[in-house]
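Understanding the architecture of this molecule
Residues per chain, in single letters:
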Amino acid sequence: MHTPVWTVTQMKAWEDEQNKAGFSYARMMEHAGSRAAEDLMRRFPSPQHTLVLCGKGNNAGDSLVLARRLIQQHWPVTIMWLQGQQLSVLAAVNQASLPVTIEYADIAQLDTLLPSVQVVVDAVYGTGFHGELPQIVRQCFAAVAQADVFRVALDMPSGVAGDGDTVASGSFQAHLTYAFQALKPAHCLAQVRQLCGEVLCINLQN
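Residues numbered from 1 in each chain as written. Predicted model: local features only at pLDDT ≥ 70, side-chain atom pairs only at ≥ 80, totals over all residues. Heavy atoms only, no water.

1. Brief notes about the layout of surface pockets
Worth spelling out the cut-off: The pocket and cavity definitions rest on a 1 Å grid over protein atoms only: a 1.4 Å probe that fits but cannot leave marks a cavity, an open set with protein on both sides within 12 Å along at least five of seven lines marks a pocket, and residues lining either have an atom within 4 Å of a point. Grid points are joined across faces, edges and corners, and a volume is the space filled by probe spheres set on the points. Under the DSSP-based scheme used, a helix requires at least four consecutive residues in state H or I and a strand at least two consecutive residues in state E, with every element numbered from the N terminus.
Its volume calculated, the largest pocket comes out at about 580 Å³. As for the largest pocket, its lining consists of 26 residues, of which Glu15, Asn58, Asn59, Asp62 and Asp155 are closest to the centre. Residue assignment for the lining of the largest pocket shows that the elements contributing at least two residues are helix H1 (8–20), helix H2 (25–42) and helix H3 (58–72). Counting residues per element, the lining of the largest pocket draws most heavily on H1, at five residues.

In structure tokens form, the structure reads like this:
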């Protein structure tokens, strides 16, 4: 079946339309994070220590759902905030749903943490990113790229604008990217496909 390609504006319009029809933003986020987690767990025969790089928007919210689902299946998960903790409303709700035993780490701990990590999930920026990555984020991504880890991006590798008009220096380099509901124009660009690795489109409905 042909996978649709939607601009960032078209994706937002679809989400707004679904929300008005009773399929809430919160339910879409739950499906995004849960289905990504389910696929990730199918790829590994045993729990993997997973580092989740979080921003503060709804992309981070998706990753916090994923983190909760992984923890429920006994995967050790560490959360690292890269944009502070002034979270979007939905992201904050999902952070509150995490178990109190969740591990948090500061960027200063990255080098000592990475040797114990098997999977890194990028949820720093979503498809609406524009401009350049902050230096601390670029340094984090560079360290992760050198580590012996499986790298996953949620919707789009951070640093890449969904419509393909920005590919920032130092963008996250993924082995696997979960695109939500539809591919975005950037997913179709050769330069971005190298950053995405495998691209799997996840249905947010049903």
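Don't stop here, the text continues.
2. Things to note about the nonpolar core
Using the following cut-off: Only buried residues count toward a nonpolar core. Its members are Ala, Val, Leu, Ile, Met, Phe, Trp, Tyr and Cys residues joined through side-chain atoms within 4.5 Å. Classification of residues uses two cut-offs on accessible area relative to the type maximum, computed with a 1.4 Å probe and protein chains only: under 20% is buried, over 50% is exposed, and between them is partly exposed. Whether two residues are in contact is decided by their heavy atoms, any of which lying within 4.5 Å being enough.
With 34 residues, the main nonpolar core has Leu40, Ile79, Leu154, Tyr178 and Leu204 as its most contacted residues. Broken down by secondary-structure element, the contributors of at least two residues to this core are H1, H2, strand S1 (50–54), H3, strand S2 (77–81), strand S4 (119–123), strand S5 (150–154) and strand S6 (176–180). When sequence neighbours within four positions are dropped, the list of residues in contact with Tyr178 reads Ala36, Asp39, Leu40, Arg43, Val152, Ala153, Leu154, Asp155, Leu200 and Ile202. Listed in part, the 24 residues of the second largest apolar core include Leu113, Val124, Phe129 and Leu133.

3. What about the pattern of salt bridges?
Where side chains of opposite charge bring their charged atoms close, a pairing between them can arise. Condition: What counts as a salt bridge is simple: a side-chain nitrogen of Lys or Arg found within 4 Å of a carboxyl oxygen of Asp or Glu.
For the structure shown, the criterion picks out seven salt bridges. Among the salt bridges present, the one from Asp155 reaches Lys184, with a minimum N-O distance of 3.2 Å. Within this pair, whereas Asp155 is found in the loop between S5 and S6, its partner Lys184 is found in the loop between S6 and helix H7 (190–196), the two being separated by 29 residues in sequence. Exposure remark for Asp155: the relative accessible area of 10% places this residue in the buried category. Taking relative accessible area as the criterion, Lys184 reaches 0% and is therefore assigned buried. In the salt-bridge network here, residues are joined through shared partners; they are Asp39, Arg42, Arg43 and Glu198.

4. As for the packing of aromatic side chains
Selection criterion: Pairs were defined over the aromatic rings of Phe, Tyr and Trp, the Trp ring being its six-membered one, requiring ring centres within 6.5 Å. Orientation was assigned from the angle between planes: stacked under 30 degrees, edge-to-face over 60, tilted for the rest.
Taken as a whole and judged by the stated rule, the model has six aromatic pairs. When the ring of Phe141 is compared with that of Phe172, the centres are 5.2 Å apart and the planes differ by 80 degrees; the resulting orientation is edge-to-face. With a gap of 31 residues between them, Phe141 in helix H6 (residues 135–146) and Phe172 in the loop between S5 and S6 connect regions that are remote in the sequence. An aromatic cluster is built from Phe44, Trp75 and Phe150, whose rings are joined through pairwise contacts.

5. Some words on the side chain of Thr177
Selection rule: By the criterion applied in these results, polar contacts are pairs of N or O atoms within 3.5 Å in which, for protein atoms, one can donate a hydrogen and the other can accept it, and in which residues neighboring in sequence qualify only through two side-chain atoms.
With respect to the helices and strands, Thr177 occurs in strand S6. Residue Thr177 is classed as buried on the basis of its relative accessible area, which comes to 0%. Here the side chain of Thr177 touches Cys196 through a polar contact of 2.9 Å, landing on its backbone oxygen. If near-sequence neighbours (up to four positions away) are discounted, Thr177 is found in contact with Ala153, Asp155, Met156, Pro157, His187, Cys196, Glu198, Val199 and Leu200.

6. Overview of the sheet that holds S5
For clarity, the threshold we go by: Only strands joined by at least two bridges in the DSSP assignment are considered to pair. Note on geometry: axes are lines fitted to C-alpha atoms, helical ones only across the stretch in contact, with angles between N-to-C directions running from 0 to 180 degrees.
The strand order S3-S2-S1-S4-S5-S6-S7 describes an open sheet built from seven strands, whose pairing is parallel. The open sheet is flanked by strand S3 (103–105) and strand S7 (198–202), the only strands paired with a single partner. Across the sheet, the axes of successive neighbouring strands diverge by a mean angle of 25 degrees, strand direction being ignored. Where S1 and S2 come together, five bridges link them in parallel fashion. Bridge assignment links Cys54 to a residue of S2, and that residue is Trp81.

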